[in-house]
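# Overview (structure and organization)
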Amino acid sequence: MVNLAWAIFNFIMTGFFMVMMIIGVNWAVKSLNNHQVRSFMCQGMLLVLWFVLAVMNAWRMCFHLGAFFDAIF
């Protein structure tokens, strides 16, 4: 049951990081439209960070969900 709780938590956090990625894309495009390249590069690095965190949480969610089903069956 703990694995199911972790899977649900990681699912929620993956959704949160995906929303932060969408906000980051919007923020980066606005700075690029204003010709602020340095700000765009910083926001691009933040965007990569959000993407990596979302992928890590999705992988952990799959791992915990698999462990949960493995314990049941």
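The following paragraphs examine the structure supplied in this document. (Residues numbered from 1 in each chain as written. Predicted model: local features only at pLDDT ≥ 70, side-chain atom pairs only at ≥ 80, totals over all residues. Heavy atoms only, no water.)

### Side note on the packing of helix α1 (residues 2-33) against helix α2 (residues 37-72)
Helix packing for two helices is described by the angle between their axes and how far apart those axes are. For the pair α1 and α2, the least separation of the axes is 8 Å and the interaxial angle reads 165 degrees. On the basis of the axis angle, α1 is roughly antiparallel to α2. Taken as a pair, α1 and α2 cross one another with a handedness that is left-handed. Each residue belonging to the contact of α1 with α2 can be placed in one class, and the counts come to 25 nonpolar, nine polar and one charged. (Axes fitted to C-alpha atoms, helices over the stretch in contact; angles between N-to-C directions. Helix = DSSP H or I, 4+ residues; strand = E, 2+ residues; numbered from the N terminus. Parallel < 35°, antiparallel > 145°, perpendicular 65-115°, else oblique. Left-handed = near helix turned anticlockwise from the far one by under 90°. Nonpolar A, V, L, I, M, F, W, Y, C, P; charged D, E, K, R; others polar.)

### Structural notes on the packing of aromatic side chains
One pass over the full model with this rule turns up seven aromatic pairs. With a centroid separation of 6.4 Å and 85 degrees between ring planes, the pair formed by Phe16 and Trp50 is classed as edge-to-face. Of this pair, Phe16 sits in helix α1 while Trp50 sits in helix α2; the two residues are 34 residues apart in sequence, bridging distant segments of the chain. Here Phe16 falls in the partly exposed class, since its relative accessible area comes to 39%. (Phe/Tyr/Trp six-rings, centres within 6.5 Å; stacked < 30°, edge-to-face > 60°. Buried < 20%, exposed > 50% of the residue type's maximum accessible area, 1.4 Å probe, protein only.)

### Concerning the side chain of Gln43
Assignment of secondary structure puts Gln43 in helix α2. By relative accessible area, Gln43 is classed as buried at 6%. Once residues within four sequence positions are removed from consideration, Gln43 is found in contact with Trp27, Ala28 and Ser31. (Contact = heavy atoms within 4.5 Å.)

### Re α1
Over its 32 residues, α1 extends 46 Å from the first C-alpha to the last, a length consistent with the 46 Å expected when each residue adds 1.5 Å. In this structure, the buried side of α1 is in contact with α2. Directly beyond the C-terminal end of α1, a positive phi value near 60 degrees is found at His35. (Expected span 1.5 Å × (residues − 1).)

### Quick look at the side chain of His64
Looking at the element boundaries, His64 is found in helix α2. Judged by its relative accessible area of 13%, His64 is buried. Looking at His64, its side chain comes within polar contact range of the side chain of Asn3, at 3.2 Å. (Polar contact = N/O pair within 3.5 Å; in protein donor to acceptor, adjacent residues only side chain to side chain.)

### Comments concerning unusual backbone geometry
Phi is positive for His35, which is not a glycine, with a value near 60 degrees. Within the element layout of this structure, His35 appears in the loop between α1 and α2. The class for His35 is exposed, based on a relative accessible area of 70%.

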